[in-house]
Amino acid sequence: MAVVIESSLKKMLSKYKYRDLTVREITNVISPYKDLKPVMDAYVFNDGSTKDLMSLTGTVPVSYRGNTYNIPVCLWLLDVYPYNPPICFVKPTSAMMIKTGKHVDANGKIYLPYLHEWKHPQSDLYGLIQVMVVVFGEEPPVFSRPQVQSSYPPYQPTGPPNTSYMPGMPSYPSGHSANPSGYPSYPYPGGNSYPTASTAQNYNAQTPIPTVGPSRDGTIGEDTIRASLISAVSDKLRWRMKEEMDRAQAELNALKRTEEDLKTGHQKLEQMISRLDQEVTEVDRNIDLLKKKDEELSSALEKMTSQSENNDIDDVIVPTAPLYKQILNLYAEENAIEDTIFYLGEALRRGVIDLEVFLKHVRLLSRKQFQLRALMQKARKTAGLSDLY
């Protein structure tokens, strides 16, 4: 049976964005609350537009002062549910009247902190209904309509909508029936009778707006009803206008903050683009310089390669003056003596020569090396070169 219901719900919710999540939550709710029935119906928004939405319509049992009452409700699920909260209403029958208060307005719309702070997956339908049961158990949203003997039907006053927990969702517009709640009358299963008007006074039931004055036969005049209706409509329009203005002001403030953030970001982007342009210019200049150097090196390498085949190393290095030639020869001879002393040490280590021969040649070579270094130092000083040692 559960599989059949789930399959039927999936067909009904084919246009919902999160169909499987919505079907799972509805199934979890209609199992313990069997009087709630899923129904696809047209929902009319404030701007007159309509959309086919899923609603859970029926009653939920509420315990009040030791008795259990079946409170009629209707929960509309938007097509982006469960990421937006349901739109909830109390649907009184023709024998009931709405008791406006902190959580219910004159149209029957329900306002709860749970709806205002709705966040999936922490919030769901089952938790919402449990909160309704607790809240309605403390303050019932409906009471029995008092029996008034009058030539006119009793007038249900329309107060300003409750804004204590406005979740930011469009309110349900007035219906097409004569029911004050704006919903057609539905018969609901039994339970105890609802609190009477006299009982409702114990929890501050809303009393009818006093009339301008009764007619002589004790009935309410048409002018009084018209004045009351005009006053009620004016109050509602003022509240709706204030609500729209507050919402528009909040959107305007958010847009101003966004504009400031965009301006700051634009300035940062311009600075970054300017720095990047400078870096690109510098990189291009360095690339051109490297290309020139590369061409010069390539040309020099080609020239040296072509000349190295026929040139002698001794002919390549030619000093420009006799003094520089003397310095070059002294330096070469001094390095040759250095190498000779090194190889003499290697010969001694390997046992090719004995110590006496080694010391004799090292003594002679060291003396000559000292003379060469002294002469080379004097020549470098004469040529204006720095000291080598």
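Residues numbered from 1 in each chain as written. Predicted model: local features only at pLDDT ≥ 70, side-chain atom pairs only at ≥ 80, totals over all residues. Heavy atoms only, no water.

Colleague: I'd like a description of helix H8 (residues 322–350), backed by residues and values.
Modeller: Here H8 is 29 residues long and its end C-alpha atoms lie 42 Å apart, about the 42 Å a rise of 1.5 Å per residue gives. Within the span of H8, buried status applies to Ile327, Leu330, Glu334, Ile337, Leu344 and Ala347. In the core, the buried residues of H8 are packed alongside helix H9 (355–382). One or two steps after H8, the chain reaches Gly351, where phi turns positive at roughly 85°. (Helix = DSSP H or I, 4+ residues; strand = E, 2+ residues; numbered from the N terminus. Expected span 1.5 Å × (residues − 1). Buried < 20%, exposed > 50% of the residue type's maximum accessible area, 1.4 Å probe, protein only. Contact = heavy atoms within 4.5 Å.)

Colleague: How would you sum up the state of the cysteines? Please name residues and give values.
Modeller: On inspection of all chains with the given rule, the structure shows zero disulfides. Here Cys74 is not disulfide-linked; the sulfur of Cys88 is the nearest cysteine sulfur, at 8.7 Å. According to the relative accessible area criterion, Cys74 is buried, its value standing at 1%. (Disulfide = S-S within 2.5 Å.)

Colleague: Which residues make up unusual backbone geometry, and what are the values?
Modeller: The omega torsion of the bond from Tyr81 to Pro82 falls at 10°, within 30 degrees of zero and hence cis. As for its position among the elements, Pro82 is in the loop between strand S3 (67–77) and strand S4 (87–90). Here the bond from His120 into Pro121 is cis, since omega is 5°, no more than 30 degrees from zero. A positive phi angle, close to 55°, is found at Arg65, a residue other than glycine. Relative to the assigned elements, Arg65 resides in the loop between strand S2 (50–64) and S3.

Colleague: Tell me what's going on with the nonpolar core, and back it up with residues and numbers.
Modeller: Of all hydrophobic cores here, the largest spans 44 residues; its most connected members are Ile26, Leu125 and Phe136. Only helix H2 (19–30), S2, S3, S4, strand S5 (96–98) and helix H4 (125–138) provide two or more residues apiece to this core. Examining the composition of this core, we find that seven residues originate from one element, S3, more than from any other. Grouped together as the second largest cluster of nonpolar side chains are eleven residues, Phe358, Leu365, Met376 and Ala379 included. (Core = buried A, V, L, I, M, F, W, Y, C linked by side-chain atoms within 4.5 Å.)

Colleague: If you had to explain the packing of aromatic side chains to someone new, which residues and values would you point to?
Modeller: Tallied over the full model, the rule gives eight aromatic pairs. Centroid distance Tyr114 to Trp118: 5.9 Å. Interplanar angle 85°. Geometry classified as edge-to-face. Given the relative accessible area of 10%, Trp118 is considered buried. In textbook terms, an aromatic cluster arises when at least three aromatic residues are bridged by ring pairs, as seen for Tyr43, Phe45 and Trp76. (Phe/Tyr/Trp six-rings, centres within 6.5 Å; stacked < 30°, edge-to-face > 60°.)

Colleague: Tell me what's going on with H9, and back it up with residues and numbers.
Modeller: For H9, with 28 residues, the first-to-last C-alpha span of 40 Å sits near the 40 Å given by 1.5 Å per residue. Of the positions making up H9, those classed as buried are Phe358, Val362, Leu365, Gln369, Leu372, Met376, Ala379 and Arg380. Once H9 ends, the next one or two residues include Gly384, with phi positive near 80°.

Colleague: Any chance you could break down the pairing of S2 for me, citing the residues and the numbers?
Modeller: Two elements, strand S1 (residues 37–44) and S2, share eight bridges in a ladder whose sense is antiparallel. Across the sheet, the residue bridging to Ala42 is Asp52, located in S2. Connecting S1 to the antiparallel partner S2 that follows it, the hairpin turn spans five residues, and Gly48 within it adopts a positive phi of roughly 95°. One ladder, built from eleven bridges, connects S2 with S3; its direction is antiparallel. (Pairing = 2+ DSSP bridges.)

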